[in-house]
Structure formats: C-alpha cells, structure tokens
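Residue-level structural notes
Here's the letter readout for the chains.
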Amino acid sequence: MLLKVYRYIALAVFFFLGMLKLPLEYAGMFMLLALLIYGIIRDKRLEWDKTAHLFSLFFLVLGGSLLLGLTHAVHHGRFFSEVEKYWGSFVIFLVAYFLMKKHLVRVSQVVKFFIGGLFVTSVLGWLRMIPHLRYLGFADRAARLDTPLGICNNYASILIIGILILAYLIKEKKSLFLPWIDWSLFIFFILSVFFSQSDGAMLGIVVGVIMIVSMSKEGFRPKRFFVLTGVLLALFVLTVFAAKPYFLRRGNAVRLGLWQSYAETAVKYPLTGVGARQMGYFYEDWKRPLPFGYDGESPAMDAHNFVLQYAAEHGIPALLLMLTFLMYYFSKTSGYRGRWFGIYCGMAAFLIQALFSNNFIMIRQMMYFWFFMGLFLAEMEIYKRK
C-alpha cells in the first residue's frame with residue numbers, strides 16, 4: 001500500500017510540478033529514481049538485458065560525442081549545463097525502461113498522470129491568455145508565453161503526444177478514463193494546440209494521424225504511410241503557392257535565416273561544432289541578412305531545427321550518431337500492435353515539430369519525450385514476450 005501511494009506521489013510530482021514550473025519541479029525524476037532503487041534492492045536484480053546493454057552503449061557514445069564541442073567552447077560553464085540536459089535525458093530513458101520492466105509502473109498509470117498534468121497546465125494557460133485574446137482568438141505572441149509551459153511551440157510539443165495517445169485509443173474504441181471524458185480532453189487539447197499558433201505542432205499531429213491511419217490489424221503499414229505522406233507533401237506545396245504571404249511572413253524569414261546560419265556553421269566546424277549552447281558567442285561570424293527582403297539580420301537565438309542545431313553545436317559525427325540512434329529506436333519499436341501505439345506516434349510527432357522548434361534542447365520538454373521513449377521500449381519488450 002505504501003509503495004502504491006509513493007508511486008502515485010512520484011508520478012504526480014513528475015508530471016504536475018514539472019509542467020507547472022513550481023518549486024522542486026524536477027524532484028519527480030529523483031523520486032522515480034528512488035522507486036527504481038527500492039525495486040532493485042527488493043528484487044536483488046536490475047532486469048539488465050541485451051536491450052539495456054545496447055541502449056546504454058548508445059548513450060555512452062552519444063554522451064561522449066557531445067564533448068567534442070568542448071574544443072571550441074567559449075563559456076565552459078554554459079557548455080556543461082547544456083550537455084548535462086542530454087546526459088540527464090539518457091538517465092531518464094533508462095529509469096523509465098527499468099521501472100516498466102520491473103513492473104513498478106504501468107503505462108496506463110503514467111499516461112493518466114501525464115494527461116492530467118497537460119489538462120491542468122492547459123487550463124492555467126487559457127486563464128492567463130484570456131485577457132490577451134484578439135484577432136479571432138489568437139493571442140499576442142508575447143502574451144502566449146506567459147503560461148506554465150507557454151501556449152507556444154514548447155508547450156505544444158508535449159501536448160501533441162497526449163493528443164495522439166487519445167486519438168489512437170478513440171480509434172480503437174478503448175478508454176483511458178470514460179469515452180466522453182476522453183473525447184472532451186481530445187477536443188480541448190486540439191483547441192489548445194490551435195491557440196499555440198505552432199505550425200510545427202500541427203504538422204506533427206497530421207503526421208501522427210497518418211501513422212494511426214496506416215495501422216491495421218496486421219500492424220503498421222509503411223507503404224500506406226509513405227503514400228499518404230506523399231499526398232500530404234503535395235498538398236503542402238500547393239498550399240505554399242496558394243498562401244504565399246502567410247509562408248513568407250517575417251517569422252518564417254527569421255527561421256530560414258537561422259537555418260542558413262546554423263548550416264554554414266556546421267560546415268565550418270564539421271567535426272566538433274562550436275560546443276553546446278555556444279552559438280551566441282560566435283554570433284558575429286554567423287549572422288546573415290534576413291531573406292525575402294526583410295530588414296535586419298538573423299537574431300542570436302536557437303536554430304528552431306534540432307538537426308541543424310545539433311550539427312552546428314556538436315559536429316556532424318555527433319549528429320549522425322544521434323540520427324542513427326533515433327532511426328534504430330523507431331525501427332525496433334515499429335512492430336508494436338498494442339493499445340499504446342499512440343505513444344509511438346506522439347514521439348514521432350515530437351521530432352517532426354523539433355524540425356521547426358527548439359523543443360529537443362529544452363529539458364522541460366525533453367524529459368517527457370525521453371521518459372516515454374524508455375517506457376515504450378520496455379512496453380515493446382513486454383508485448384513481444386506476450
């Protein structure tokens with residue numbers, strides 16, 4: 001009984017305090033780590049298997065590759081504080097994996113607390129945003145950041161994971177809470193993403209929905225997915241030509257300018273990059289005029305594309321290692337046929353948005369992404385045994 005109470009408290013702290021930016025916001029991770037340590041002592045074993053060996057080796061190599069950028073780092077303190085986010089994320093992955101393998105948590109429990117945290121932070125975000133609503137419901141760009149996670153790209157990146165979990169359960173006529181509650185949460189979260197004004201999040205949802213549609217009784221159908229994705233890309237190209245003013249707006253010009261600058265930096269420092277979170281110190285070298293004829297230069301900010309930022313900061317070899325890891329992970333877990341396939345789609349959607357946002361480098365979003373990565377891998381292993 002005490003173990004059950006502690007588990008629920010740890011999950012609540014991880015998913016509620018972490019999202020709401022309250023004191024001890026990262027305490028939940030340490031509480032879950034303590035739960036795992038208790039399980040190891042109780043059972044006198046860690047469930048260390050070939051999969052754990054392989055992914056631990058992946059993380060050792062990935063973590064070591066981040067140190068290549070230290071050779072060009074200007075501010076070492078800032079460098080290590082950023083690298084620690086990745087190292088911590090790798091630990092979160094393994095903690096979630098072993099918690100699931102040792103049956104100390106269940107996916108249904110985790111998802112319920114995750115959805116609960118999303119609901120609370122969404123409600124508070126709406127309440128803070130209401131005074132600023134204008135232009136047919138769109139919030140002021142600065143005002144939308146004044147929420148627990150920000151009704152913005154960062155907030156939307158984990159919200160879309162919850163949306164796709166609910167979407168798959170609804171499609172399969174399975175319930176998380178009650179059918180009417182699941183539908184209400186799904187609609188509420190969709191509206192929240194709309195108000196986030198995150199094109200990347202919306203694109204991630206579309207790709208996730210295509211993945212859900214591509215799922216059949218026989219499993220995931222890659223051919224169907226690629227055909228539907230091809231249709232989506234064709235429609236996207238047509239939309240760009242039909243709505244040029246929207247796609248050529250200043251915000252996209254800034255993003256394209258950043259992409260150019262980060263790509264050129266990656267080419268200039270191909271082996272090591274400039275170091276984690278060091279691009280600001282090289283700003284005079286990489287700033288470029290904005291495209292589309294806008295006045296000004298690329299601002300000193302994140303690339304809003306995790307591939308280009310990872311390459312510029314850590315080097316092309318480190319990027320190839322990370323992409324290899326992600327491709328291996330998604331290929332290994334693609335055979336899953338159970339009720340939690342929505343998690344798989346949500347993680348893919350998170351990465352789609354990371355091509356247009358900075359959610360892959362912010363620990364508040366990263367920790368949930370990596371936690372679900374570890375949890376789903378263990379769920380896949382258990383599913384295969386069954």
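Here we summarise the structure given alongside this text. (Residues numbered from 1 in each chain as written. Predicted model: local features only at pLDDT ≥ 70, side-chain atom pairs only at ≥ 80, totals over all residues. Heavy atoms only, no water.)

Another aspect to go through is the overall build of the protein chain. Across its full length, the protein chain carries 16 helices and 4 strands. Residues counted as buried form 52% of the 386 residues belonging to the protein chain. For the protein chain, long-range pairs separated by at least 24 residues make up 76% of all intrachain contacts whose partners lie at least 6 apart in sequence. Of the accessible surface of the protein chain, which amounts to about 17,400 Å², a share of 70% is contributed by carbon and sulfur atoms. (Helix = DSSP H or I, 4+ residues; strand = E, 2+ residues; numbered from the N terminus. Buried < 20%, exposed > 50% of the residue type's maximum accessible area, 1.4 Å probe, protein only. Contact = heavy atoms within 4.5 Å. Areas by Shrake-Rupley, 256 points an atom, 1.4 Å probe, with all protein chains shown as cover.)

At a closest axis distance of 7 Å, the pairing of helix α4 (residues 76-101) and helix α16 (residues 363-385) adopts a crossing angle of 30 degrees. Between α4 and α16, the angle falls in the class roughly parallel. In this structure, α4 meets α16 at a crossing whose hand is right-handed. Residues of the contact of α4 with α16, tallied by class, amount to 17 nonpolar, 2 polar and 5 charged. (Axes fitted to C-alpha atoms, helices over the stretch in contact; angles between N-to-C directions. Parallel < 35°, antiparallel > 145°, perpendicular 65-115°, else oblique. Left-handed = near helix turned anticlockwise from the far one by under 90°. Nonpolar A, V, L, I, M, F, W, Y, C, P; charged D, E, K, R; others polar.)

On to the environment of Y155. Of note, Y155 is situated in helix α6 (residues 153-171). Residue Y155 is classed as buried on the basis of its relative accessible area, which comes to 1%. When the C-alpha atoms of Y155 and T121 are compared, they prove to be 9.1 Å apart, with 34 residues separating the residues in sequence.

It is possible for side chains of opposite charge to pair when their charged atoms get near one another. Summed over the entire model, instances satisfying the criterion amount to 11 salt bridges. A salt bridge links D43 to K102; the shortest N-O distance between them is 3.1 Å. In this pair, D43 is assigned in helix α2 (residues 27-43) and K102 in the loop between α4 and α5 (107-129), connecting sequence segments 59 residues apart. The closest approach of N and O atoms between E172 and K171, which form a salt bridge, is 3.0 Å. In this structure E172 comes out as partly exposed when scored by relative accessible area, which is 30%. (Salt bridge = Lys/Arg side-chain N within 4 Å of Asp/Glu carboxyl O.)

What follows is about the packing of aromatic side chains. On inspection of all chains with the given rule, the structure shows 52 aromatic pairs. Centroid distance F188 to F189: 5.9 Å. Interplanar angle 40 degrees. Geometry classified as tilted. With respect to class, F188 is no different from F189; both count as buried. When the ring of Y269 is compared with that of F282, the centres are 5.9 Å apart and the planes differ by 70 degrees; the resulting orientation is edge-to-face. Of this pair, Y269 sits in the loop between α11 (250-268) and α12 (283-286) while F282 sits in the loop between α11 and α12; the two residues are 13 residues apart in sequence, bridging distant segments of the chain. Here Y269 and F282 have matching classes, each one buried. (Phe/Tyr/Trp six-rings, centres within 6.5 Å; stacked < 30°, edge-to-face > 60°.)

Moving on to the layout of surface pockets. Estimated volume of the second largest pocket: approximately 610 Å³. Along its surface, the second largest pocket is lined by 19 residues, and L326, M327, F330, A348 and L351 are the ones closest to its centre. Counting residues per element, the ones that place at least two in the lining of the second largest pocket are α8 (199-213), α9 (222-242), α13 (306-314), α14 (316-332) and α15 (341-354). Of all the elements, α14 adds the most residues to the lining of the second largest pocket, at 5 residues. The class makeup of the residues in the lining of the second largest pocket is 17 nonpolar, 2 polar and no charged. (1 Å grid on protein atoms, 1.4 Å probe; cavity = no way out; pocket = protein on both sides within 12 Å on 5 of 7 lines; lining within 4 Å. Points joined across faces, edges and corners; volume = space filled by probe spheres on them.)

Once that is clear, we can look at the nonpolar core. Counting residues in hydrophobic clusters, the biggest one holds 120 residues, and the most contacted among them are F93, F325, F360 and W370. Ranked by residues supplied to this core, first place goes to α16 with 15 residues. Residues contacting F93, with those up to four places away along its chain left out, are F55, F59, F325, Y329, W370, M373, G374 and L377. (Core = buried A, V, L, I, M, F, W, Y, C linked by side-chain atoms within 4.5 Å.)

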